[in-house]
Structure formats: C-alpha cells, structure tokens
Amino acid sequence: MKVLKFGGTTVGSVKNVLTLLDILAEESKKEKPVVVLSAMSGVTNLLASTAAIAADGKNYLHYLEELEQQHLEVARGLLQKENLQPVISQLKEYFRDLEGLLQGVSSLRELTPKTKDLVLSYGERCATFLVSAAASQRFPEALFVDASPLIKTDSSFGHARVQTEVTNHLLQSFYAEHKNHLLFVTGFISSDEQGQLTTLGRGGSDYTAALIASALNSAEIQIWTDVNGMMTADPKMVKKAIPLTELSYTEAMELSYFGARVIYPPSMTPAFLKRIPIVIRNIRNPGFAGTVIRHNNQNSGSSIKGISSINETSIINLQGSGMVGKAGYSGRLFSLLSREQINVILITQASSEHSITFAIHPADALKAKRLIEQEFELELQAEKLEMPEIEHDLAVMAIVGENMKETPGISGKLFHALGRNGVNVRAIAQGSSEYNISVIISRHDLPKALNTVHDAFFTELKKTLHLFCLGTGNISTTLIRQLLEHQTFLQQHNGIQVKVVGISNSRQMVFDADGLPLNNWKEALETHGEPANLGDFVQRMKQLNLPNCVLADNTASPAPIHFYEEVFQSNISIVTCNKIGNSSDYQQYKLFKDTAFLHGVDFYYETNVGAGLPIVRTLKDLMMSGDRVQRIEAILSGTISFIFNNFKGDASFHDVVKMAQDKGYTEPDPRDDLSGMDFMRKMLILARDAGYPLEAKDVQIDNILPPSCLQAASVAEFYTELKAAEDYFEALKQDAASSGKALRYIGTLDEGKATISLQMVDESHPFYTLSGSDNIISFTTDRYSERPMVVKGPGAGAEVTAAGVFADIVNVGAH
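Residues numbered from 1 in each chain as written. Predicted model: local features only at pLDDT ≥ 70, side-chain atom pairs only at ≥ 80, totals over all residues. Heavy atoms only, no water.

Peer 1: It is not clear to me how the overall build of the chain should be interpreted in this structure. Could you clarify?
Peer 2: Scanning the chain for helices and strands turns up 31 helices and 29 strands. Burial analysis of the chain (815 residues in total) assigns 53% to the buried set. Long-range pairs, those at least 24 residues apart, make up 72% of the contacts in the chain with a sequence separation of at least 6. Put simply, the chain shows about 35400 Å² of open surface, and 49% of that area lies on carbon and sulfur atoms. (Helix = DSSP H or I, 4+ residues; strand = E, 2+ residues; numbered from the N terminus. Buried < 20%, exposed > 50% of the residue type's maximum accessible area, 1.4 Å probe, protein only. Contact = heavy atoms within 4.5 Å. Areas by Shrake-Rupley, 256 points an atom, 1.4 Å probe, with all protein chains shown as cover.)

Peer 1: I would appreciate a short explanation of the sheet that holds strand E2 (residues 34-37) in the present structure.
Peer 2: Pairing is mixed in the open sheet, where 8 strands are placed in the order E3-E4-E2-E1-E7-E9-E10-E8. In this open sheet, the two strands that pair with only one neighbour each are strand E3 (142-145) and strand E8 (246-248). This sheet shows a mean twist of 20° between the axes of neighbouring strands, independent of strand direction. Docked against the sheet, helix H5 (residues 113-136) engages E2, E3 and strand E4 (182-186), running at close to 165° with respect to E4. Helix H8 (residues 249-257) contacts E8 and strand E10 (291-294) of the sheet and is inclined by roughly 90° relative to E8. (Pairing = 2+ DSSP bridges. Axes fitted to C-alpha atoms, helices over the stretch in contact; angles between N-to-C directions.)

Peer 1: It is not clear to me how helix H1 (residues 14-27) should be interpreted in this structure. Could you clarify?
Peer 2: Along an α-helix, residues three or four apart share an orientation, since each turn contains 3.6 residues. Here H1 is 14 residues long and its end C-alpha atoms lie 20 Å apart, about the 20 Å a rise of 1.5 Å per residue gives. Inspection of H1 places Asn16, Val17, Thr19, Leu20, Leu21, Ile23, Leu24 and Glu27 among the buried residues, and these make up the whole buried set. (Expected span 1.5 Å × (residues − 1).)

Peer 1: For this particular structure, what's the right way to read the sheet that holds strand E29 (residues 789-794)?
Peer 2: Within a beta sheet, neighbouring strands are joined by backbone hydrogen bonds and run either parallel or antiparallel to one another. In space, the 6 strands of this open sheet follow the order E25-E27-E26-E24-E28-E29, with mixed pairing throughout. Single-partner strands in this sheet number two, and they are strand E25 (700-701) and E29. One ladder, built from 9 bridges, connects strand E26 (residues 742-750) with strand E27 (residues 753-761); its direction is antiparallel. Looking across to E27, one finds that glycine 747 is bridged to isoleucine 756. Along the sheet, helix H23 (residues 616-624) contacts strand E24 (629-635), strand E28 (774-781) and E29; its crossing angle with E28, the most-contacted strand, is approximately 10°.

Peer 1: Looking at this structure, I do not really get the packing of aromatic side chains. What am I missing?
Peer 2: Aromatic ring pairs are reported here in terms of the distance separating the ring centres and the angle at which the planes meet. Here the structure, examined in full by the defined rule, presents 23 aromatic pairs. Between phenylalanine 568 and phenylalanine 603, the aromatic rings sit 5.2 Å apart at their centres with planes inclined by 70°, giving edge-to-face as the arrangement. On the criterion of sequence distance, the pair formed by phenylalanine 568 in helix H19 (residues 564-569) and phenylalanine 603 in strand E23 (residues 603-604) is long-range, its members being 35 residues apart. The same class applies to phenylalanine 568 as to phenylalanine 603, namely buried. Ring geometry for tyrosine 728 against phenylalanine 729: centres 5.0 Å apart, planes inclined by 70°, an arrangement best described as edge-to-face. A relative accessible area of 40% places tyrosine 728 in the partly exposed class. (Phe/Tyr/Trp six-rings, centres within 6.5 Å; stacked < 30°, edge-to-face > 60°.)

Peer 1: What's the story with the side chain of serine 121 in this structure? I'm lost.
Peer 2: Within the secondary structure, serine 121 is located in helix H5. Accessibility expressed as a relative area gives 0% for serine 121, which makes it buried. At 2.6 Å, the side chain of serine 121 forms a polar contact with the backbone oxygen of leucine 118. Of note is the side chain of serine 121, whose polar atom sits 3.0 Å from the side chain of arginine 125. The contacts of serine 121, once residues within four sequence positions are left out, are Ile189 and Leu197. (Polar contact = N/O pair within 3.5 Å; in protein donor to acceptor, adjacent residues only side chain to side chain.)

Peer 1: Sorry, what's going on with the environment of leucine 743 here?
Peer 2: Secondary-structure assignment places leucine 743 in strand E26. Residues leucine 743 and leucine 758, spaced 15 residues apart in sequence, show a C-alpha to C-alpha distance of 6.9 Å. Beyond its immediate stretch of four places on either side in the chain, leucine 743 contacts Phe644, Phe647, Leu732, Lys733, Ala736, Leu758, Gln759 and Met760.

Peer 1: Got a minute to help me understand helix H17 (residues 521-528) in this structure?
Peer 2: Those residues of H17 that fall on the buried side of the exposure criterion are Trp521, Ala524 and Leu525. In an axial view of H17, the angular spread of the buried residues amounts to 100°, which keeps them on one side of the axis. What points out from H17, more than 90 degrees from its buried face, is the exposed set Glu526 and Thr527. Contacts from the buried residues of H17 go to helix H15 (474-485), strand E18 (496-504) and strand E19 (508-511). (Arc of directions from axis to C-beta.)

Peer 1: It is not clear to me how the pattern of salt bridges should be interpreted in this structure. Could you clarify?
Peer 2: Counted according to the given criterion, the structure contains 35 salt bridges. Among the ionic pairs, arginine 443 bridges to glutamate 312, the shortest N-O distance being 3.5 Å. Note that arginine 443 is positioned in the loop between strand E16 (436-442) and helix H14 (446-457) and glutamate 312 in strand E11 (residues 306-319), a separation of 131 residues in sequence. Under the relative-accessibility criterion, arginine 443 is labelled partly exposed at 34%. The class of glutamate 312 is partly exposed, set by a relative accessible area of 43%. We note a salt bridge from aspartate 750 to arginine 631, for which the minimum N-O separation is 2.7 Å. Of this pair, aspartate 750 sits in strand E26 while arginine 631 sits in strand E24, and the two are 119 residues apart along the sequence. Residue classification places arginine 631 among the partly exposed positions, given a relative accessible area of 27%. Within this structure, Lys2, Glu27 and Glu220 form a network of salt bridges that share partners. (Salt bridge = Lys/Arg side-chain N within 4 Å of Asp/Glu carboxyl O.)

Okay, structure coming up:
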C-alpha cells in the first residue's frame, strides 16, 4: 500500500484534479492508496492574511468571497450536475462557519494561535472534501476523512508536537475498519487531548502523509507537486538544472534545509525512521519517474548531488579578545538564541576562538543583536567583546552529496569557480560528515555563483561562456559565423557552450542575457539596439553579473583599452586582436597582465602578433617550461611579405605595391604598412612576452621607403614618388638576385635588442622559401639552438584572425 500526498498546485485547478484522479485509477489497480491532500495553492497564506486583516478590524469579506469563489469554480468544473448541489451546499457551510469565526476575531481585535489554527484548517477541509466528492463519481468507495481526530498532538498551537503512540493506534484502527475505501485525508490538521484543533506547522501535509505511512508500514510515499522532482539547483536561477533521479535521506535533508522546498525534512522524519522510500512526482508530467529518496541510494558517480541556496540571510559577527580560551561564550550565545526561538542557519568559528559568525533570517537580525548586547553587557563594557556587527543582503549556497567525503579536491573546485568569477566568500561551514559545504556570499552574486558552481560540477551539461563583443567589422562578423557553425563541435569536443550576450559597435549596442541569435544578430542589433556608449556597455556587462564572462575586443580603436583594467577587476576575461593596449607603454602592458593575474582571469591576445598562428602561445609555453629565448626572427606583416614575395623578375616595386592595395592587402595609404609601425608593435609585444621591458622607442626600424615617399602629401603623390625611386628598388632586387638571395623585411630580437630591417637571405635560411602573404617566425632557444623552431602560415585575413580569437575564447573556457 502506498500513501499519495498531493500538494496545493495539484488540487488548484480542474485540469490537475482530473490528472490526479487518473493517477489514482492507475494506482488502485494494485492496492488502494491512502490520499493526503493540501489546501489549494495560496489558500493557506490567504487565510492567514485574511485573519490578520480581521484582527486589525479591517474589512476582510472581499478576501473571504474570493476564497469561496475559487473553490466553487473548481467544483462546477469537476462535478456532474446531479452531484453538484450537495457539494456546493457543504462548501458554503464551511465558508459560513469561517465567516462567523472571522467575525469573532474582528470583534475581539485578537487572533490567538488557537483561533488561527482553526481558521487555517478550512483550507485543507475544503480542498479534501471537494476532491473526494469529485473522486466519488469515478470511485464509489471514495471517503472523505478529517484527520484531526486521528492525529493527536500537544496543545502547541501553530506547530503542535505529535503524540506518536496514540496517533499510530488511532490510524491503524481507522484503516483496519475502512481499508476497502479509497481514503481522502486532510493534511496539516490534528487535535489535542481535549479535541481542540491544532496544526502541524510548515510542511504539515507532508507530515500527515509520513505519519500515516509510518503507522501503516506503507511501501512508498509519493509526493505529487508541480516539478519533476528535486533538481540539481534552483531552476529559476540555473536554467541548466536537471532533475535528480535518486537521493539518500541525508542528501535530501541537506538540500531541503538549504532552500530546495520540494519537501520539508522534519516532516518526513517518520518515513526516514521506517526507511520508507519517498518519491517526488510531477502532476504536470505524470509519466516522469521523478526523484526517489531512500535510505541506501545507488552511487551516481557524481561528486556532488546538488546545489541549494537560501536567497536572503544576514550574519552577525561576535568577536573580542575576551573570548580566546574562555569556555561558555558559545553556550550562552546559542542558548539565548534558542530561548528566543531565533533559528540559526549556519555557524562558523575561527580556530583562534577570537570570533563567532552565524547566519540567521534577516527579520531576526536586529532582535538578535539587541539580545546579544543585553546578554553580554558586562563583557561589552569591559571591552572584552566588541559590539556585534550585522551584515545584510547576503545569501547561503551549499553543495551537497554523500560522495564528497570520498572525493579529494571538492573544496578546491568550489572556491576556484567562485574566485575566478569574483564571488567573495564571507563565511564557510563544513561538517565533519562532509555531506555539505556551505558558503555565505553577497545576495547579488547568488545567481552567478549558482551557475558557475553548477557548470564546474555538472560537466556533462557543458560549461557556458558569456561573450561580449566589441566591434561588428569583418573579424566580429566572421567570429560569430564560426561560433554558429561550430556550436555542436564545441559542446561535444570541448564541453563548452558560447552565448553571445552583448554586441556593440560605434553606433548601437544590444544585450540579451539568454544569448543573442547568432544567425541574425545584425537584425537584433538594428531592431533592439540602443545608442552605443562604451562606458555604458562595460557597466551593463558588470551589472548582468553573469558567470564565465569574456570580453572580445575586435576593434582597432584605442577607446576600449581604457576599460581593460576595470574589466579585469570585475573578474571578466579579455580576448583581443587589438594590439594597441599591449604595444603602448610598458607599464600599461604590465598593469594588464598583473591585474588579470590578481583577479584570476585570462588575458589572451594571440591575434596581436600573427592572426591565427600560434606564436604568442608557443612563446609562452617555451618560457613556462624553463627554456630561454636567445633569438627571435620574424616576418609579421602579411602585406610586406606579399610585396617582397612578388617583387621579382620584371615586376616593379611600384606595380607590386599597387597590386597589393588592389587586392586589399594594404591599408588605404600603403605607407601605414610599409612604414613598419604595425610590425614594430608586434615585435614589441613579443619582446615583452619574452621578458624584456622594452618601449616602442627601443625598437630600431630601418625604413624600406626613401624619405621622399614617406613625406609625400597624398597617396597619389606617394605613388608618383615611388615610381621615381624605381632605380633604388631595382638595385635592391638585382643585388639579391645576383647573389642567389631573397629580399625579406625581418624583425629580430637578439638578447633583448629589437630591430626591423630589410635583409637578403639565402636558401639556407628558413625565410627564403616564404610565399604569398604568409607570416613566419623562428625561435632560437637553449633547447632549439641548432635548428630553430619555426611557425609559418597565413598572418592576415578575417578568417584566420577570427579563428585565432575563437581559439582564445575556447582556451578561456578550458579553465
């Protein structure tokens, strides 16, 4: 035999009650269950507030009428015409009794706990009577049962304590006499020895179900609600939360204590003691198996089972030198709080015994502070203790699982995930059982913390990166297309999901915390965009407070650079192809690196040097492995590479430069490329990454162009001067050809000295065979001294540059 308890949402609508009856029809094929019912959803709270309004002498009739109509409407939807009138009459009688009760409360201007219990009892009575009447149309053996004479308690109104022995006897006797009936039992309500009605407090209907199951030695308790069981986290804040198939009693209690409100643990104690399995089921999805809570659950293999939270809490810190080595402070403190019925959520104490920190409900904080000041008045006056301090706007997050005690590194993973995302932990608590690690954090950070930790522990659900893109030019457009095309690959092979949640150009910006559509982001920017402002963009990025955030700077503007430090300080990683920041003064370069390191985030800029070529990462890996860079030689300008690779035979330098411009390889003014300034920035970044604190002025540049070309007033005049200098370039070409060499514009870093110059190299040099617009770099190190390490490939173009940014984003996700 099973006990089926149906919660408020399951009895609050015609559709759900019909589903409930279908469930009972299926269960009754085996053995008739006992059905325990709650009041309709929201009714208990509305009854409590109506009673409070009556006690204040205000008009409560409107609320009473609303409650009555809610029940009558469901009755009319469930009952056939010939069965309706008796049910309507009984419901109206209930509400007349309730109105009389509230009239007395209003007249006396007093609402005692005893009277409040009586008022609240009508929620369960009305709902259970109504559902049992509807059930009798399909199940003639249906019987409405008022549980109050069967469950006996003391006279602690509002939260009565059950007298287990007599209750068991009454329940067993009643069931023996009525076992052929389908029993519909009121949850929540009971009575004392004098027959006065009492209630079982929070989770009272669950408690009723557990008491009945325990007394009758039931095979199972089913708790029917409106969710698919207990979840890995609060689905309202963690959209990737999934239902848990199985939990132990301990895990369920830990998760429920810290906010997972599917069940109320104390109410289920009778079931725990008898080791009766509890199954959480969903009335809206009755085919789903739900969550099974049992004494010995199967090992899931996961290090934790779930993440729970309490959204609002306050902490009080009591500290002072007088506490060190002195017995009794903790006892006095927590005895005081217990006497005053102030529930303590979490306690932590420093091993020095200098301080005690505890978390309580915010509504109790001021009262607790006042009581502590009274209790420890003498110690405060003697300055043995400092005045207690309250901190508000906090939340508790807890990770729970029996496997935690057998898995090293759980705490490390938790605090790494929180720290990397800038979530400051105010207090920590962990029991010796290691079933639970709890942290107190800012309430503002709770959604981010939950999602971050959920990603860290439930890796099968894929880690989500939240990407903010600056710039909508070729690189950003290509990057977003690549992200769209490789979504499935990223999830399957890298365990990463990338959501683009913010995009801005110089005119408009748009945000969507759930992710902008990658297939029509331009339309979203045009349709929903707001005027762009870089400072506002950064502020919105911070205010969204999403986990695992990355800013991709795909511009060539100096403006975003001014915000890099602030972004790092907000625990947001940066991926950039904008080389201005790293090639400005050395102190700024160092500031960015140090700030990113300090805040535990990433600063990746592979595309600063060679587009998608792995140059920066290769140098970093060499340095990290203890190798010493002796010499770097590089051609890091695709434009200049193309020009000199095609400057041969009968081709003139003028014509080759013009061809490069026509193909789009150069800037509108080719001198921007041929001056070597862009090349200089790349060499400067490499030198700094190699450990040399160089400034731009320290890089020696030998100009390719004669002064007359550099000083030309316009692009047209530049080409005129270039043609006039043809003899100069022709001589260079012929000189190289006659000696069997090739002209190459090479950057060199040799023992900390950086130069960029036009050189002639023979076929023994790795740069001799360079073709097209490729870049190439060779690293001569202590390990690669005889044959340098060479990296070669396309060093320009939107496709490879976007791919380099893409790779950097994936590397952020790997941490």
